[in-house]
Amino acid sequence: QVQLVESGGGLVQPGGSLRLSCAASGSIFSVFASGWYRQAPGKQRQLVARMSNSGSTNYADSVKGRFTISRDNAKNTVYLQMNSLKPEDSAVYYCNSDPPWGHWGQGTQVTVSS
């Protein structure tokens, strides 16, 4: 069972930046595409960023140009650099493969507020 541990969230003002980390206990991110998901209250969890095995990336329109996904295969770690944060970015952020596999981690809370 792959364990996923997200970290790096917190409270940030609009326009600020955060860098999220996702540590995986296995090599899942060296085999499958890596993804960052977020879920806001009352909304469905959605994929916001992904990186394929070849390194190509895709982003949801809502975060394109502001978020950057990266991966360190040696560390089994995926990152999400979030810049120019907006209040609507507030959510619990999760990492997983794309498509998701196994159990979800606890996620990390990102709150963008003045």
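In this report, we go over the structure that sits alongside the text.

What counts and how
- Residues numbered from 1 in each chain as written.
- Predicted model: local features only at pLDDT ≥ 70, side-chain atom pairs only at ≥ 80, totals over all residues.
- Heavy atoms only, no water.
- Pairing = 2+ DSSP bridges.
- Helix = DSSP H or I, 4+ residues; strand = E, 2+ residues; numbered from the N terminus.
- Salt bridge = Lys/Arg side-chain N within 4 Å of Asp/Glu carboxyl O.
- Buried < 20%, exposed > 50% of the residue type's maximum accessible area, 1.4 Å probe, protein only.
- Axes fitted to C-alpha atoms, helices over the stretch in contact; angles between N-to-C directions.
- Contact = heavy atoms within 4.5 Å.
- Polar contact = N/O pair within 3.5 Å; in protein donor to acceptor, adjacent residues only side chain to side chain.

### Considerations on the pairing of strand β5 (residues 46-51)
Working note: regular strand, side chains alternate between the two faces of the sheet.
Then, number 1: The pairing of strand β4 (residues 33-39) with β5 spans five bridges and is classified as antiparallel. For Trp 36, the partnering residue across the bridge sits in β5 and is Ala 49.
Then, number 2: Counting the residues between successive antiparallel strands, the hairpin from β4 to β5 contains six residues, one of them, Gly 42, with a positive phi of roughly 75 degrees.
Then, number 3: Bridge count for β5 against strand β6 (residues 57-59) is three bridges, and the pairing is antiparallel. From the neighbouring strand, Ala 49 faces β6, where its bridge partner is Tyr 59.

### Brief notes about the pattern of salt bridges
It is possible for side chains of opposite charge to pair when their charged atoms get near one another.
Then, number 1: Counted under the stated rule, the structure contains four salt bridges.
Then, number 2: Salt-bridge contacts for Asp 61 lead to Lys 64; the nearest nitrogen and oxygen are separated by 3.3 Å.
Then, number 3: For Arg 66, the salt bridge is made with Asp 89, and the minimal N-O distance between the two is 2.7 Å. Here Arg 66 is found in the loop between β6 and β7 (67-72), whereas its partner Asp 89 is found in the loop between β8 (77-82) and β9 (91-98), with 23 residues between them in sequence.
Then, number 4: Note on Arg 66: relative accessible area 10%, which makes it buried.
Then, number 5: The network of salt bridges with shared partners includes Arg 38, Arg 66 and Asp 89.

### Quick notes on the sheet that holds strand β3 (residues 18-24)
Then, number 1: Read across the sheet, four strands follow the order β1-β3-β8-β7 without closing on themselves; strand pairing throughout is antiparallel. Here the strands that pair on one side only, and so sit at the sheet edges, are β1 (4-7) and β7. Geometrically, the sheet is characterised by an average inter-axis angle of 15 degrees between neighbouring strands, direction not taken into account.
Then, number 2: The pairing of β1 with β3 spans four bridges and is classified as antiparallel. The residue bridging Leu 4 from the neighbouring strand is Ala 24, located in β3.

### Some remarks on the environment of Ala 49
Then, number 1: Within the secondary structure layout, Ala 49 lies in strand β5.
Then, number 2: Sequence separation between Ala 49 and Ser 7 is 42 residues; the distance between their C-alpha atoms is 16 Å.
Then, number 3: Not counting the four nearest positions on each side in its chain, Ala 49 is found in contact with Ser 34, Gly 35, Trp 36, Asn 58, Tyr 59, Ile 69 and Leu 80.

### Section: the sheet that holds β6
Then, number 1: With respect to topology, six strands assemble into an open sheet ordered β2-β10-β9-β4-β5-β6, the strand pairing being mixed. Taken across any chain shown, the strands that pair with only one partner, and hence form the sheet edges, are β2 (10-12) and β6. Within the sheet, the average angular offset between the axes of one strand and its neighbour, ignoring direction, is 25 degrees.

### Observations concerning the side chain of Ser 90
Then, number 1: Take Ser 90: it is sitting in the loop between β8 and β9.
Then, number 2: Within polar-contact distance, the side chain of Ser 90 engages the backbone oxygen of Pro 87 at 2.9 Å.
Then, number 3: A polar contact of 2.8 Å, which involves the side chain of Ser 90, links it to the backbone nitrogen of Val 112.

Note that every value here comes from positions in space, so none of it alone points to a role or purpose.
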